[in-house]
Amino acid sequence: MKQIDLFVHNIGSLITMRGSLKPKVGKEMSEIEMIAGGAIAVHQGRIAAIGPEEEVRAQIKGIPVLHELNAKGRLVTPGLIDPHTHLVHGGSREHELEWKRQGVPYLEILAKGGGIHYTVEQTRLASEEALYQKAKNSLDWMLKHGTTTIEAKSGYGLDTQTELKQLRVAKQLDQTHPVDIVSTFLGAHAVPKEYVMNRKGYVDLVIREMLPEVKRLGLANYCDVFCEEGVFSVEESRQILQQAMELGFGIKIHADEVEPLGGAELAGELGCISAEHLLASTENGLRKMRESGTIAVCLPATSFSLGLKRHAQARMMIDLGVPVALATDYNPGSSPTESLQIVMTLASVNLSMSPEEVLTAMTINAAHAIGRADSIGSLEIGKWADFVLYQATNLAYLPYHFGINHVDTVVKKGKIVVENGQIWEKYH
Ligand code: NIG
Ligand code: FE
């Protein structure tokens, strides 16, 4: 190695998350490596050395260091990973607050042509440039809050052209913005208004036209379906996901968000990489997911924002040995937040997860949920140097002290992209 591009020293508490090739389950989720007085050396965007400061200094002795960063005793974690967002969409839905206040249920708003359908109209009308600028703004918020990689779903087009438009915007942002994006095709997010009398016609359109076109253009790695009462049935979801698998997509599912329809069971049967929401899942469904190694992506900001009394049973999942990840579900309806830090607090208070479990769920397990655990999710030699320095000295402080942004510095692929809580000029 000719040089160290970045050397970060004087780290008060360095959480590495290293040491596990598979998603963490059960007790492993709380067993995390914490190094007091740590350091990280970066070469060409990747971690070249990491550990107690004296050891790292010994390892890089004699190698010139280009840039040094004094962490001033701060807490450092791997970059946060958000494995479930609906990043690209038009408009916003603050008018729904009043309906929520009056107690109108989410699925009723949808059935009346509001909710997702409203956002579909806005997304169809928006230019690609407008969608890009709006999504970029959200990505900036995410980065400032410590998120370095996300998954982004389409699903507000519900026609081929608009679905492709959303996916192109995500691809362009992946290439231009420091935050990395893994794309998911969610054409089966709702049956669009023009197909209400012809559900089968829409399922056919997704299977015969949209999926092959998305594949041909290489615009998504995964396919997802909103499997829910009044949206897509278990049978329709099975058909779509099976076809997606045949075309070579990884598969995901929005399962049992409101009603226990059997989405978790289907995820287990098909071997989905992840099943998401799971508020209403049965123990049997969760057992099926454990057998298939499907990751449960819990979204506590959604149950909070929808004002639901029910929450995903994260403790039961962890006890059963189902790997748990956490995400924002950032979208304009059920979870309008970009911040994984608020999700930390909600997971702690409403899902009863410990700070260690929460961080595991937002780093290494989240990386597994989007198929990227070989390069991100933990700080170890050879992985991308994606990490966050907080204005905090210990992990529990993050979920405990909520509603503000704790992030001081973000390093993405070895580059300082956020400093003093602000994004570096050149990325604007
Ligand atoms: O994950 N449940 C389906 N999709 C989103 C909500 C989308 C919306 O309301 O716009 C979710 O909660
Ligand atoms: Fe979602």
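Everything quoted here is computed from the prediction, not taken from an experiment.

*Asks:* Tell me about the domain arrangement of the protein chain, residues and numbers included.
*Replies:* For the protein chain, the assigned domains read domain 1 (6–79 + 378–423) and domain 2 (80–369). On a C-alpha basis, the centroid separation for the pair domain 1 and domain 2 is 29 Å. With 37 residues of domain 1 at the interface, the matching set in domain 2 holds 33 residues. Here domain 1 meets domain 2 over a buried area of about 2,800 Å², counting both sides, of which 68% is carbon and sulfur. When the buried surface of domain 1 facing domain 2 is broken down by residue, Met29, Pro399 and Lys412 rank first, second and third, together holding 22% of it.

*Asks:* How would you summarise the environment of serine 305 if you had to cite specific residues and measurements?
*Replies:* Position of serine 305 among the secondary structure elements: in helix H11 (residues 300–305). Overall, serine 305 belongs to the partly exposed group, its relative accessible area being 21%. Along the chain, serine 305 and arginine 290 lie 15 residues apart, while their C-alpha atoms are 28 Å from each other. Aside from chain neighbours lying at most four places away, what touches serine 305 is Lys100, Gly333, Ser334, Ser335 and Pro336. A distance of 3.4 Å separates a polar atom in the side chain of serine 305 from a polar atom in the side chain of lysine 100.

*Asks:* Pulling in residues and values, what's your account of the packing of helix H9 (residues 263–270) against helix H10 (residues 283–292)?
*Replies:* Taken N-terminus to C-terminus, the directions of H9 and H10 make an angle of 20 degrees; their axes are 7 Å apart at the nearest point. The angle between H9 and H10 falls in the class roughly parallel. The two elements H9 and H10 meet at a crossing, and its hand is left-handed. Where H9 abuts H10, its residues Ala264, Glu265, Ala267 and Gly268 lie against Asn284, Gly285, Leu286, Lys288, Met289 and Ser292. Across the contact of H9 with H10, the residue classes tally to four nonpolar, four polar and two charged.

*Asks:* Lay out the site of ligand 1 with the relevant residues and their values.
*Replies:* Of all residues adjacent to ligand 1, which total 15 residues, the nearest are Tyr106, Tyr156, His189, Glu257 and Ser334. In the model, an oxygen atom of ligand 1 is placed 3.3 Å from a nitrogen or oxygen of the histidine 86 side chain. In the environment of ligand 1, an oxygen atom lies 2.5 Å from a nitrogen or oxygen atom belonging to the side chain of tyrosine 106. Here ligand 1, which alone exposes 330 Å², has 100% of that area covered by the protein.

*Asks:* How would you summarise the state of the cysteines if you had to cite specific residues and measurements?
*Replies:* Here the structure, examined in full by the defined rule, presents zero disulfides. Looking at the unpaired cysteine 272, the closest cysteine sulfur is the one in cysteine 223, lying at 9.3 Å. The cysteine cysteine 298 is free of any disulfide, with cysteine 272 supplying the nearest cysteine sulfur at 15 Å.

*Asks:* Provide a residue-level description of the pairing of strand E1 (residues 6–15), including the pertinent values.
*Replies:* Taken across its ten residues, E1 has eight buried, putting it largely inside the fold. Here E1 pairs with strand E2 (residues 34–43) via seven bridges, running antiparallel. Residue pairing for E2: phenylalanine 7 is matched across the bridge by alanine 41. Bridge count between E1 and strand E5 (residues 75–78): two bridges; the pairing is parallel. When the sheet's bridge partners are listed, leucine 14 is paired in E5 with valine 76.

*Asks:* Explain helix H13 (residues 340–350) residue by residue, including any values.
*Replies:* Every buried residue of H13 is accounted for by Leu340, Gln341, Val343, Met344, Thr345, Leu346 and Ala347. Sitting at the amino-terminal end of H13 is serine 339, which places a side-chain oxygen 3.1 Å from the backbone nitrogen of glutamine 341. Remark: serine 352 follows H13 within two positions and exhibits a positive phi of approximately 60 degrees.

*Asks:* So what's going on with the environment of methionine 316? Residues and values would help.
*Replies:* Locating methionine 316 in the fold gives a position in helix H12 (residues 314–320). Between the alpha carbons of methionine 316 and asparagine 137 there is a distance of 37 Å; along the sequence they are 179 residues apart. Non-local contacts of methionine 316, meaning those with residues more than four positions away in its chain, are made with Glu283 and Leu286.

*Asks:* Now, about the pattern of salt bridges: what can you tell me, with residues and values included?
*Replies:* A side chain of one charge can pair with a side chain of the opposite charge if their charged atoms are brought near each other. Tallied over the full model, the rule gives 27 salt bridges. The residue arginine 124 makes a salt bridge to aspartate 159 at a minimum N-O spacing of 3.2 Å. Within this pair, whereas arginine 124 is found in helix H4 (residues 116–125), its partner aspartate 159 is found in the loop between strand E7 (147–153) and helix H6 (160–176), the two being separated by 35 residues in sequence. Residue arginine 124 is classed as partly exposed on the basis of its relative accessible area of 30%. Here aspartate 159 falls in the partly exposed class, since its relative accessible area comes to 23%. Of the charged contacts, one joins aspartate 386 and lysine 412 as a salt bridge, the two residues approaching to 2.7 Å between their closest N and O atoms. In this pair, aspartate 386 is assigned in the loop between helix H15 (364–369) and strand E14 (387–390) and lysine 412 in strand E15 (residues 407–412), connecting sequence segments 26 residues apart.

*Asks:* I'd like a rundown of the coordination of the iron ion (ligand 2), residues and numbers included.
*Replies:* On the protein side, the iron ion (ligand 2) has His84 (NE2), His86 (NE2), His254 (NE2) and Asp329 (OD) as donor atoms, found 2.0 to 2.3 Å from it. The exposure class of histidine 86 is buried, given its relative accessible area of 2%. On the basis of relative accessible area, histidine 254 is assigned to the buried category, the value being 2%.

*Asks:* For the packing of aromatic side chains, give the residues involved together with the corresponding values.
*Replies:* Inspection of every chain in the model, using the stated rule, returns three aromatic pairs. For the pair tyrosine 397 and tyrosine 400, a centre-to-centre distance of 5.9 Å together with 50 degrees between the ring planes defines the contact as tilted. Of this pair, tyrosine 397 and tyrosine 400 both sit in helix H16 (residues 397–400), three residues apart, which is roughly one turn of that helix. Judged by its relative accessible area of 60%, tyrosine 400 falls in the exposed class. A network of ring pairs unites the aromatic residues Tyr195, Tyr202 and Phe232 as a single cluster.

The rules behind these values
Residues numbered from 1 in each chain as written. Chains lettered and ligands numbered in written order. Predicted model: local features only at pLDDT ≥ 70, side-chain atom pairs only at ≥ 80, totals over all residues. Heavy atoms only, no water. Domains from an automatic or database assignment. Contact = heavy atoms within 4.5 Å. Buried area = accessible area lost by both parts, 1.4 Å probe. Helix = DSSP H or I, 4+ residues; strand = E, 2+ residues; numbered from the N terminus. Buried < 20%, exposed > 50% of the residue type's maximum accessible area, 1.4 Å probe, protein only. Polar contact = N/O pair within 3.5 Å; in protein donor to acceptor, adjacent residues only side chain to side chain. Axes fitted to C-alpha atoms, helices over the stretch in contact; angles between N-to-C directions. Parallel < 35°, antiparallel > 145°, perpendicular 65-115°, else oblique. Left-handed = near helix turned anticlockwise from the far one by under 90°. Nonpolar A, V, L, I, M, F, W, Y, C, P; charged D, E, K, R; others polar. Near = heavy atom within 4 Å. Areas by Shrake-Rupley, 256 points an atom, 1.4 Å probe, with all protein chains shown as cover. Disulfide = S-S within 2.5 Å. Pairing = 2+ DSSP bridges. Salt bridge = Lys/Arg side-chain N within 4 Å of Asp/Glu carboxyl O. Donors = N, O, S within 2.8 Å, 3.2 Å for Na, K, Ca; no water. Phe/Tyr/Trp six-rings, centres within 6.5 Å; stacked < 30°, edge-to-face > 60°.

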